[in-house]
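Commentary on secondary and tertiary structure
What follows is the residue order along each chain.
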Amino acid sequence: ATGSSPGRGALIVFEGCDRSGKTTQTQKLFDCLVAMGRKVELWRFPERTTGVGKMIDEYLKSGNNLPDEAIHLLFSANRWETAPLLKSKLAAGVTIITDRYAYSGVAFSAAKGLDLNWCKSPDIGLPLPDCVVFCDLHPEKAAKRGGFGEERYENIDMQLKVYHQFQKLRQSDWKVVDASQSVDDMHEEIKTLALEAMDHCTSKPQQRSLW
Ligand code: Z5A
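Calculation notes
- Residues numbered from 1 in each chain as written.
- Predicted model: local features only at pLDDT ≥ 70, side-chain atom pairs only at ≥ 80, totals over all residues.
- Helix = DSSP H or I, 4+ residues; strand = E, 2+ residues; numbered from the N terminus.
- Rg over C-alpha atoms; globule rule 2.2 N^0.38 Å.
- Buried ≥ 20, exposed ≤ 12 C-beta atoms within 10 Å, placed from the backbone.
- Pairing = 2+ DSSP bridges.
- Axes fitted to C-alpha atoms, helices over the stretch in contact; angles between N-to-C directions.
- Parallel < 35°, antiparallel > 145°, perpendicular 65-115°, else oblique.
- Contact = placed C-beta atoms within 7 Å.
- Left-handed = near helix turned anticlockwise from the far one by under 90°.
- Nonpolar A, V, L, I, M, F, W, Y, C, P; charged D, E, K, R; others polar.

Further remarks concern the overall build of the protein. When you go through the protein residue by residue, the secondary structure sums to eight helices and five strands. Against the 2.2 N^0.38 benchmark of 17 Å for 211 residues, the protein shows a C-alpha radius of gyration of 17 Å, consistent with a compact globule. Judged by the C-alpha coordinates and their principal axes, the protein covers about 60 × 35 × 30 Å. The 211 residues of the protein split such that 39% are buried.

Moving on: the pairing of strand β1 (residues 11–16). Counting buried residues along β1, six of its six residues qualify, which places the element largely inside the surrounding structure. Bridge analysis of β1 against strand β3 (residues 95–99) gives four bridges, and the strand direction is parallel. When the bridges of β3 are listed, I12 appears paired with I97. The sheet contact formed by β1 and strand β4 (residues 131–136) spans five bridges and is parallel. What sits directly across from G16, in β4, is C135.

Before going further, it helps to examine the packing of helix α3 (residues 68–91) against helix α4 (residues 102–111). The geometry of α3 relative to α4 is characterised by a closest axis approach of 10 Å and an angle of 175° between their N-to-C directions. On the basis of their axis angle, the class for α3 and α4 is roughly antiparallel. Of the residues in α4, those in contact with D68, H72, F75, S76 and R79 of α3 are A102, G105 and S109.

Its location among the elements puts H200 in helix α8 (residues 183–202). Judged by C-beta crowding, with 13 C-beta atoms within 10 Å, H200 ranks as partly exposed. Separated by 191 residues in sequence, H200 and G9 have C-alpha atoms that sit 9.8 Å apart.

One way to put it is that helix α2 (residues 51–60) packs onto α3 with a least axis distance of 9 Å and a crossing angle of 145°. The hand of the α2/α3 crossing is left-handed. When α2 is examined against α3, the residues V52, G53, M55, I56 and Y59 are found in contact with a partner set consisting of I71, L74, F75, A77, N78 and E81. Of the residues that constitute the contact of α2 with α3, the class distribution is eight nonpolar, two polar and one charged.

Printed below as a string of structure tokens:
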């Protein structure tokens, strides 16, 4: 039978500063899509369980001091080591929601003073997201959500620099969601955006790549 192709899954990326609600919203979107019977998985970067991910985890918890360039390349390698699986899932029609991606990679390293274009280069060729949801919350407001955590970048000076870099990276097709809204209001807006992106993928079969 010639049956219609199931279409590829959408790559839906969540970005934003610390405490902007990415983890809350990725989980809510995942639960909602599962309840709708969609083929979907929830991912995150860094993926701390791999060999490279364990080195990143140790770095974030302040265990070791790597040059900024070296940790940047490890974050990118962490995406590359999972990229074959990511591509095959998307091709098989699974939608992947991910909490952070290459934009965080560039924003954090550029915030430390590395050249923006140098920062972008190791991620060239990774799957291009079908939808980037930017959870927009100014770090001053984020700080009021019970304070930042204990990890290396979780302080107001760094978060302000990162927020500034995200503004530079922001592209016209990013979906900027006001992250000072309630959890439920954000979710309703994001659900609509995600369903649109997933529908769009059935008519846009070819997966393109960054940047
Ligand atoms: N990093 C990098 O340098 N290079 C890279 O390539 C990548 C990452 C991929 C680890 O990231 C660090 O790695 C991160 C970037 C860097 N460093 N920093 N910062 P991570 O993703 O593991 O950690 P995180 O970004 O710090 O996540 P987070 O603290 O969990 O923030 P979040 O996911 O955006 O927020 P949340 O957990 O959903 O919510 C935070 C709190 O606010 C929580 O108490 C919620 O209950 C509350 N909340 C959530 N939504 C709302 C609303 N709408 N109203 C009120 N309160 C809310």
